[in-house]
Amino acid sequence: MNKEAAGGDLGYVFQTDFVTKALVGLFGSDKFRVAVSADGSAFFDGFIVDNETGIVDQPRLPRFKGYTNFDNYVAVDTWTKIAINNTEYNDQNAFDAGNNRFVAPVAGTYLFGASLLYKVNSSTSARMRGRLVLNGTTEISGSFGEVSGAHVSEATALWLQTMVVLAQDDTVELQGYFCAQDGYFAADHTTFWGCKVG
């Protein structure tokens, strides 16, 4: 099989009742593509292999990285949702910045992580905690963390990471907590990220 120029098409077409549902091959470039369609006119790339590097891209993979753009005040002994209200990237628009949470577009296994940066309010004797919460109520196993010693404002940080199986439309949010003294979770460096891995 051969095509005359990189901009041409070469590959296999899979149809149901003469409506194209999938393409496999070199379509419009020399990159190897697998694309699917519901109606035969709009196609979505499942993955693309770069012919020069061999690197695989999954352009429709749900993934995001968000951050808060203001210092989030949290009172003592109160789990509080962190207002992750901006995104650096947000493929599939799966992160809902208006409600400060990720919404799973499809069922699957997801990897999440977060960083929480402490900022002092009244005392550096605060003890900072963080966790990820499923559907607003259930702490996700393996996502809890704490910094127990004295804190340094805008230097003490906590990192969280875990994997979880989600159903479609399940939500995941980042929550923070302070023991002993209140405090802030600092703007710009308090972040939340995730992606579908399976």
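If you're wondering where the values come from, they're calculated on a predicted model, not measured in any experiment.

1. Let's talk about the pattern of salt bridges
Move 1: The final tally for this structure, using the stated rule, is 11 salt bridges.
Move 2: Close ionic contact of Glu146 with Arg127 constitutes a salt bridge, the shortest N to O distance being 3.5 Å. Of this pair, Glu146 sits in strand β15 (residues 145–147) while Arg127 sits in strand β13 (residues 127–134), and the two are 19 residues apart along the sequence.
Move 3: With relative accessibility at 29%, the residue Arg127 sits in the partly exposed group.
Move 4: Here Glu146 makes a salt bridge to Arg129, at a shortest N to O gap of 2.8 Å. With Glu146 in strand β15 and Arg129 in strand β13, this pair connects stretches of sequence that are 17 residues apart.
Move 5: For Glu146, a relative accessible area of 28% puts it in the partly exposed group.
Move 6: If you follow the salt bridges from partner to partner, you end up with Asp57, Arg63 and Asp91 in one network.

2. Digging into the pairing of strand β12 (residues 108–119)
Move 1: With 9 of 12 residues buried, β12 lies mostly within the body of the structure.
Move 2: For β12 and strand β16 (residues 157–166), the ladder comprises 10 bridges, and the chain directions are antiparallel. Residue pairing across strands places Gly108 opposite Leu166, the latter belonging to β16.
Move 3: As paired elements, β12 and strand β18 (residues 183–185) share 2 bridges and run antiparallel to each other. Counterpart to Tyr118 in the pairing with β18 is Phe185.

3. Re the packing of aromatic side chains
Move 1: Within the structure shown, the criterion is met by 14 aromatic pairs.
Move 2: Look at Phe95 and Phe192: their rings are 6.0 Å apart centre to centre, the planes differ by 80°, and that puts the pair in the edge-to-face class. On the criterion of sequence distance, the pair formed by Phe95 in strand β10 (residues 95–96) and Phe192 in strand β19 (residues 191–196) is long-range, its members being 97 residues apart.
Move 3: On the basis of relative accessible area, Phe192 is assigned to the buried category, the value being 0%.
Move 4: With centroids separated by 5.9 Å and ring planes inclined at 70°, the aromatic side chains of Tyr118 and Phe178 adopt a geometry described as edge-to-face. One end of the pair, Tyr118, is in strand β12; the other, Phe178, is in strand β17 (residues 171–179), and 60 residues separate them in sequence. Each member of the pair Tyr118 and Phe178 is classed as buried.
Move 5: Three or more aromatic residues joined by ring pairs form one cluster here, namely Phe64, Phe95, Phe102, Tyr110, Phe112 and Phe192.
Move 6: One residue, Arg131, lies across the ring of Trp79, its end atom 4.1 Å from the ring centre.

4. Let's talk about the nonpolar core
Move 1: Core analysis: the largest hydrophobic core is formed by 28 residues, its most contacted members being Phe102, Phe112, Leu166, Leu174 and Phe192.
Move 2: At the level of secondary structure, the elements contributing two or more residues to this core comprise β12, β13, β16 and β17.
Move 3: Ranked by residue count, the leading element in this core is β12, at 5 residues.
Move 4: In this view, Leu166 contacts Phe102, Ala104, Ala107, Gly108, Tyr110, Phe112, Leu134 and Val172; residues no more than four positions away in its chain are not counted.

5. Remarks on the sheet that holds strand β4 (residues 44–49)
Move 1: With respect to topology, 5 strands assemble into an open sheet ordered β1-β2-β3-β4-β5, the strand pairing being antiparallel. In the strand order of this sheet, the two ends are held by β1 (9–16) and β5 (56–57), each with one partner.

6. Side note on the pairing of β17
Move 1: Burial runs high along β17: 9 of the 9 residues are buried.
Move 2: The alternating pattern of β17 places Thr171, Glu173, Gln175, Tyr177 and Cys179 and Val172, Leu174, Gly176 and Phe178 on opposite faces, both of which are buried.
Move 3: Alignment of strand β8 (residues 80–81) against β17, held across 2 bridges, turns out to be antiparallel. Paired with Thr80 across the two strands is Gly176, which belongs to β17.

Conventions and cut-offs
Residues numbered from 1 in each chain as written. Predicted model: local features only at pLDDT ≥ 70, side-chain atom pairs only at ≥ 80, totals over all residues. Heavy atoms only, no water. Salt bridge = Lys/Arg side-chain N within 4 Å of Asp/Glu carboxyl O. Helix = DSSP H or I, 4+ residues; strand = E, 2+ residues; numbered from the N terminus. Buried < 20%, exposed > 50% of the residue type's maximum accessible area, 1.4 Å probe, protein only. Pairing = 2+ DSSP bridges. Phe/Tyr/Trp six-rings, centres within 6.5 Å; stacked < 30°, edge-to-face > 60°. Lys NZ or Arg CZ within 6 Å of the ring centre and 35° of its normal. Core = buried A, V, L, I, M, F, W, Y, C linked by side-chain atoms within 4.5 Å. Contact = heavy atoms within 4.5 Å.

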